[in-house]
Amino acid sequence: MTTAHHSIAIIGAGLGGLTLARVLRVHGIEAAVFDLEAGRDARTQGGMLDIHEDSGQAALRAAGLHERFRAIVHPGGQAMRVANRDGTIALQEEDDGTGGRPEVDRGQLRDLLLDPLPAGTVRWGAKATGARPLGDGRHEVTFADGATITTGLLVGADGAWSRIRPLLSPARPAYTGISFVELDLPDADARHPGGAALIGRGFFLALDGERGILAHRETDGGLHVYTAFRTGEDWLDGIDFTDTAAAKAAVLARFTGWDAAFRTLIDEADGAPVPRRIHALPVGHRWDRVPGVTLLGDAAHLMSPFAGEGANLAMLDGAELGQAIAAHPGDIEAALAAYEKALFPRSEASASESAASLDLMFGPDPVTRLVDRFTAHQRN
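Residues numbered from 1 in each chain as written. Predicted model: local features only at pLDDT ≥ 70, side-chain atom pairs only at ≥ 80, totals over all residues. Heavy atoms only, no water.

Chemist: Got a minute to help me understand the overall build of the chain in this structure?
Modeler: Helices and strands together make up the secondary structure of the chain, namely 12 helices and 16 strands. The globule rule puts the C-alpha radius of gyration for 380 residues at 21 Å, and the 21 Å found for the chain is close to it. Dimensions along the principal axes, computed over C-alpha positions, put the chain at roughly 60 × 45 × 35 Å. By residue count, 53% of the 380 residues in the chain fall in the buried class. Carbon together with sulfur atoms contributes 50% to the accessible area of the chain, which is approximately 16000 Å² in total. (Helix = DSSP H or I, 4+ residues; strand = E, 2+ residues; numbered from the N terminus. Rg over C-alpha atoms; globule rule 2.2 N^0.38 Å. Buried < 20%, exposed > 50% of the residue type's maximum accessible area, 1.4 Å probe, protein only. Areas by Shrake-Rupley, 256 points an atom, 1.4 Å probe, with all protein chains shown as cover.)

Listed below in structure tokens is the structure:
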């Protein structure tokens, strides 16, 4: 089996890796992207993302895609409700179209980044299993099917459990103390009118310090619900998620004392509940410059989702790395040094904010404190 060589190899076709490939393309630079999924439609991407003006939207401008992005924004998606466990609404904001964090469907955003790339840019079904240095900044990447490639610049955009990160850092994600169980209620207005009325048109949050319900209205009219718990790392192991009724019962048991409207969201959900532990890399994760390799997105700075920064930072990382490579033709090391100089303090600030938000949302009197934070932001 021959080993192909690529000047730039991006491992991972998530939002960050695709943004990098697109920005490089804008500057006339070719890159190859390798992803473990069997194809672009191998699974639904799911979920809504709020794309921030100073990060995700800045990245889309660098990629020449901001106008097309505006066309997929979910009208009304910036509406927000914060509730207590008894169902009383503590804060409600409508979406008047002027906010700086419009909501889009993750799958549509990924398509926006994928569609302009030349056919063959993304090599699907390529699961990286490891990488090793070859000297002079070159690396070899091995894939699950036994194939190998070599590259002059290796970019780990392969998420939380990155196979590229060990080239740079021994750090591994740690459990944050929070576990999610995700649920879906499709066609909510017709099939789940009570849940639809509770959640509203945008983002919804109810908390009591030990557990929470985070939900949003999706572009197809469904509700995506995250039940969240401060709990031991092994709690999910005690639930049989192949038995939907038993899994729902285990989740419902944690919401004793909550208003019946919240419990209906769990009871009426379609399909199997999906468990997810929330992990994070250490706040301030960084590494010494290693020739020919770098990281972006969750591979570089995995954090909890409670600051809403993960996708936005991954896209900004990709855009800034692409711009740095274009600004330093023929000098990859200068490009990587410039990129990482900005990356480290930016990601540390966001990771600190995310950790603080986790402690606020799963600590004493979370609703009052959260409402105080939002109203303070509005005053400023």
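Chemist: Is there a simple way to think about the pattern of salt bridges in this case?
Modeler: Opposite charge on two side chains allows them to pair when their charged atoms are near. Under the criterion given, the structure shown has 18 salt bridges. We note a salt bridge from R211 to D208, for which the minimum N-O separation is 2.8 Å. Each member of the pair, R211 together with D208, is buried. Residue R346 is joined to D317 by a salt bridge in which the shortest nitrogen-to-oxygen separation is 2.8 Å. Linking R346 in helix α11 (residues 332-361) with D317 in helix α10 (residues 310-327), this pair joins segments that are 29 residues apart in sequence. A relative accessible area of 18% places R346 in the buried class. (Salt bridge = Lys/Arg side-chain N within 4 Å of Asp/Glu carboxyl O.)

Chemist: Got a minute to help me understand the nonpolar core in this structure?
Modeler: Soluble globular proteins tend to pack their nonpolar side chains together in the buried interior. Counting 62 residues, the largest nonpolar core has I10, L60, L109 and F143 as the members making the most contacts within it. Other than its neighbours up to four places away in sequence, F143 contacts I11, F34, A126, K127, A128, T129, T148 and I149. Counting residues in each nonpolar core, the second largest holds 28 residues, with L185, F204, W258 and F262 among its members. (Core = buried A, V, L, I, M, F, W, Y, C linked by side-chain atoms within 4.5 Å. Contact = heavy atoms within 4.5 Å.)

Chemist: Any chance you could explain the sheet that holds strand β15 (residues 270-280) here in plain terms?
Modeler: For sheets, the rule is that strands pair by backbone hydrogen bonds, running either parallel or antiparallel. Ordered in space as β5-β4-β12-β13-β14-β11-β15, the 7 strands form an open sheet in which the pairing is mixed. In this open sheet, the two strands that pair with only one neighbour each are β5 (89-93) and β15. Neighbour-to-neighbour, the strand axes of this sheet turn through a mean angle of 15°, independent of strand direction. The pairing of strand β12 (residues 203-207) with strand β13 (residues 211-217) spans 5 bridges and is antiparallel. Bridge pairing in β13 links F204 to A215. Contacting β11 (174-185), β14 (223-230) and β15, helix α7 (residues 244-253) runs over the sheet at an angle of about 50° to β15. (Pairing = 2+ DSSP bridges. Axes fitted to C-alpha atoms, helices over the stretch in contact; angles between N-to-C directions.)

Chemist: What is the right way to look at the pairing of β14 in this model?
Modeler: Among the 8 residues that make up β14, 7 are buried, leaving the element largely enclosed by the rest of the structure. Direction of pairing for β11 relative to β14: antiparallel, over a ladder of 8 bridges. Paired with L185 across the two strands is L223, which belongs to β14. Strand direction decides the pairing type here: β13 and β14, joined by 7 bridges, are antiparallel. By the bridge assignment for β14, A215 is matched with V225. Between β13 and β14, which pair antiparallel in sequence order, lie 5 residues; one of them, G221, sits at a positive phi of approximately 90°.

Chemist: Looking at this structure, I do not really get the packing of helix α1 (residues 15-26) against α10. What am I missing?
Modeler: Helix-helix packing is described using two parameters, namely the angle between the two axes and the distance between the axes. Running from N to C, α1 and α10 point in directions that differ by 30°, and their axes come no closer than 7 Å. As summarised for this structure, α1 and α10 are arranged roughly parallel, according to the angle between their axes. For the element pair α1 and α10, the recorded crossing hand is right-handed. Of the residues in α10, those touching α1 at L15, G16, T19, L20, V23 and L24 are A311, A314, M315, G318, A319, L321, G322, Q323 and I325. (Parallel < 35°, antiparallel > 145°, perpendicular 65-115°, else oblique. Left-handed = near helix turned anticlockwise from the far one by under 90°.)

Chemist: Mind showing me how you'd approach α10 here?
Modeler: Every α-helix carries 3.6 residues per turn, so stepping three or four residues along brings you back to the same face. Taking 1.5 Å as the rise per residue, α10 with 18 residues should run 26 Å; its terminal C-alpha atoms sit 26 Å apart, in good agreement. The buried fraction of α10 is high, at 13 of 18 residues. (Expected span 1.5 Å × (residues − 1).)

Chemist: Which parts of the structure should I look at to understand the packing of α1 against helix α4 (residues 106-114)?
Modeler: The N-to-C vectors of α1 and α4 enclose an angle of 25°; their axes lie 9 Å apart at closest approach. If you check the angle between α1 and α4, you find them roughly parallel. In this structure, the crossing between α1 and α4 has a hand that is left-handed. When α1 is examined against α4, the residues L15, L18 and T19 are found in contact with a partner set consisting of R106, L109, R110, L113 and L114.

Chemist: What is the right way to read the side chain of T121 from this model?
Modeler: Structurally, the position occupied by T121 is in the loop between α4 and β7 (122-123). When its relative accessible area of 8% is taken as the criterion, T121 is described as buried. In this structure T121 touches A31, A32 and V33, once residues within four positions along its chain are discounted.

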